[in-house]
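Chain by chain, the residues run as shown.
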Amino acid sequence: MRYLLFAGNYKVFDGILTCLLSVVKRTQTKEPITAFILTMDVSYINKDFVPVTDEQIDFLRGVMHAYNKESEVKKIDVSELYASQFWRCPNEGAYCSPYTLLRLFADEIAEIPDKILYLDADVMFNRDFTLLYDIDVSDVEYAAARDHYGKFLLYYNYINAGVLLLNMKMIRETGALVKARELIRSRKLLFADQSALIRSTSKKKMLPQKFNDQKFLHKSTVVRHFSKRLFYFPFPHTDNIKQWNVEKVHSVFRYHEFDDILEEYLVLKSRFENGAQAEAATGESERRILRREE
């Protein structure tokens, strides 16, 4: 069994769907995959900060079963854990969202195995994910690649925490995430979870950029991370193009390497939305019947 870890609210559905499709369509392993999704309800901060839905989980599980009947997708609601440790902390208004903090609870969750690959939802695999997953991390807390901009603006080995191959056994022994959570509770940090993790690390392995390419796509790229990036033309500006923005992936990046994945994503997304609309229509019909009977 191989293990993946994601985190987010209901809006990460498109990202996780495209990422999981890239995993199963680019790999040759016959081993099943279990994907854990950490989520929570913090709608008191933002009305959109509500958990991944059971319907989304069921659909993702069905997609994975189509490739391997033993694969699994599991939702883990950490609302209570978040409230007990991070409620009103200095980093609750993190640069992305409070959901970026959830990976820091991995050591608190008994279901999380000794080795797991954490992925932001805006990544896709261009090559077999086992090229990354099978890297030996037995003597480090985690392996990660450099942050494309941080390695220039901060220091060379500044990592990007969007792709982390975690050795949970060592992390639980060293207390790395315990230290990171204490920093989140006590200090306002520039990049919240990423800053806290870096400051709490005892030993890490630096990976080549191909395992987390945040700006370019090469033939050697294993993971393409669709994070916010700087464009110079027609004038200097930033844009945050995600893989599910299919039209922009074609028109701006001119990528066609993911077309087989994105075509399947569009079909599946339409199927999911139509199913949800049909269910909503059925529910409305039932409510009308009940009102007439009353």
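Residues numbered from 1 in each chain as written. Predicted model: local features only at pLDDT ≥ 70, side-chain atom pairs only at ≥ 80, totals over all residues. Heavy atoms only, no water.

1. Thoughts on the sheet that holds strand 4 (residues 115-119)
Spatially, the 7 strands line up as an open sheet ordered 3-2-1-4-7-6-8, and their pairing is mixed. Across the chains shown, the open sheet's two edge strands, defined by having one partner strand only, are strand 3 (72-77) and strand 8 (204-207). Along the sheet, successive strands turn relative to each other by an average axial angle of 25 degrees, direction set aside. Taken together, the 5 bridges between strand 4 and strand 7 (residues 163-167) define a ladder with antiparallel strand orientation. Considered in strand 7, the bridge of Tyr118 is made with Leu164. Against the sheet, helix 2 (residues 54-67) touches strand 2 (33-39) and strand 3, its axis set at about 155 degrees to strand 3. (Pairing = 2+ DSSP bridges. Helix = DSSP H or I, 4+ residues; strand = E, 2+ residues; numbered from the N terminus. Axes fitted to C-alpha atoms, helices over the stretch in contact; angles between N-to-C directions. Contact = heavy atoms within 4.5 Å.)

2. Notes on the pairing of strand 3
Looking along a regular strand, one sees side chains alternate from face to face of the sheet. Note: strand 2 against strand 3, 6 bridges, orientation parallel. Each bridged residue has a counterpart across the sheet, and for Ala35 the counterpart in strand 3 is Val73. Of the crossover connections in this fold, the one passing from strand 2 over helix 2 to the parallel strand 3 is right-handed. (Right-handed = clockwise from strand over helix to strand, strands pointing away.)

3. A word on the environment of Asn126
Mapping Asn126 onto the fold places it in the loop between strand 5 (123-125) and helix 4 (130-133). Expressed as a C-alpha distance, the spacing of Asn126 and Glu257, which sit 131 residues apart in the sequence, is 7.6 Å. The contact partners of Asn126, leaving out residues within four places of it in the chain, are Arg26, Leu217, His218, Lys219, Thr221, Val222, Glu257 and Phe258. Among the polar contacts listed, one links the side chain of Asn126 to the backbone oxygen of Thr221, at a separation of 3.0 Å. (Polar contact = N/O pair within 3.5 Å; in protein donor to acceptor, adjacent residues only side chain to side chain.)

4. Structural notes on empty space enclosed by the protein
Per the stated rule, a full pass over the model turns up 1 cavity of 30 Å³ or more. Along its surface, the largest cavity is lined by Arg103, Leu104, Leu164, Leu166, Leu177 and Leu197. The class makeup of the residues in the lining of the largest cavity is 5 nonpolar, no polar and 1 charged. (1 Å grid on protein atoms, 1.4 Å probe; cavity = no way out; pocket = protein on both sides within 12 Å on 5 of 7 lines; lining within 4 Å. Points joined across faces, edges and corners; volume = space filled by probe spheres on them. Nonpolar A, V, L, I, M, F, W, Y, C, P; charged D, E, K, R; others polar.)

5. A closer look at the packing of helix 1 (residues 13-26) against helix 2
One way to put it is that helix 1 packs onto helix 2 with a least axis distance of 10 Å and a crossing angle of 10 degrees. When the interaxial angle is binned, helix 1 and helix 2 end up roughly parallel. Contact residues: Phe13, Ile16, Leu17, Leu20, Leu21, Val24 and Lys25 in helix 1; Gln56, Phe59, Leu60, Val63, Met64 and Tyr67 in helix 2. (Parallel < 35°, antiparallel > 145°, perpendicular 65-115°, else oblique.)

6. Examining the nonpolar core
In this structure, Leu4, Phe6, Leu20, Leu117, Leu119, Phe125 and Leu132 are the most contacted members of the largest nonpolar core, which totals 55 residues. For this core, the element with the most residues is helix 1, which contributes 8 residues. Contact partners of Phe125, with chain neighbours within four places excluded, come to Cys19, Ser22, Val23, Arg26, Leu117, Leu119, Leu132, Val222, Val223, Phe258 and Ile261. (Core = buried A, V, L, I, M, F, W, Y, C linked by side-chain atoms within 4.5 Å. Buried < 20%, exposed > 50% of the residue type's maximum accessible area, 1.4 Å probe, protein only.)

7. Observations concerning the packing of aromatic side chains
Using the criterion set out here, one finds 14 aromatic pairs in the structure. Measuring from ring centre to ring centre gives 5.6 Å for Phe49 and Tyr99, while their planes differ by 85 degrees; the resulting arrangement is edge-to-face. Residue Phe49 is located in the loop between strand 2 and helix 2, and its partner Tyr99 is located in the loop between helix 3 (79-86) and strand 4; the two are separated by 50 residues in the primary sequence. What links up through ring pairs into an aromatic cluster is the set Phe226, Phe253, Tyr255 and Phe258. A cation over a ring is seen here: Arg224 above Phe253, with NZ or CZ 5.1 Å from the ring centre. (Phe/Tyr/Trp six-rings, centres within 6.5 Å; stacked < 30°, edge-to-face > 60°. Lys NZ or Arg CZ within 6 Å of the ring centre and 35° of its normal.)

8. A closer look at helix 3
Each α-helix turn comprises 3.6 residues. Residues three or four places apart therefore point the same way. Turning to helix 3, its buried residues are Ser79, Tyr82, Gln85 and Phe86. Projected onto a plane normal to the axis of helix 3, the buried residues spread over an arc of 150 degrees and lie on a single side. Away from its buried face, by an angle of more than 90 degrees, helix 3 presents the exposed residues Glu80 and Ser84. Residues of helix 3 that are buried in the fold lie against strand 2, strand 3 and helix 7 (176-186). In the segment just after helix 3, Arg88 is the residue with positive phi, at about 60 degrees. (Arc of directions from axis to C-beta.)

9. Notes on the layout of surface pockets
The rolling of a water-molecule-sized probe over the atoms marks out the regions of remaining empty space. When its volume is computed, the second largest pocket comes out at roughly 170 Å³. Around the second largest pocket sit Val24, Thr27, Gln28, Thr29, Lys30, Glu31, Ile33, Tyr67, Asn68 and Ser71, which together line it. Residue composition of the lining of the second largest pocket, by class: 3 nonpolar, 5 polar and 2 charged.

10. Quick word on the side chain of Arg146
By secondary structure assignment, the location of Arg146 is in the loop between strand 6 (142-145) and helix 5 (150-153). Summary of buried charges: Arg146 has no salt-bridge partner, and the nearest side chain of opposite charge, Asp213, is 11 Å away. From its side chain, Arg146 meets the backbone oxygen of Tyr156 in a polar contact 3.2 Å long. Setting aside residues no more than four positions away along its own chain, Arg146 makes contact with Lys151, Tyr156, Asn157, Tyr158, Ile159, Asn160, Met206, Leu207, Gln209 and Gln214. (Lys, Arg positive; Asp, Glu negative; His and termini not counted. Salt bridge = Lys/Arg side-chain N within 4 Å of Asp/Glu carboxyl O.)

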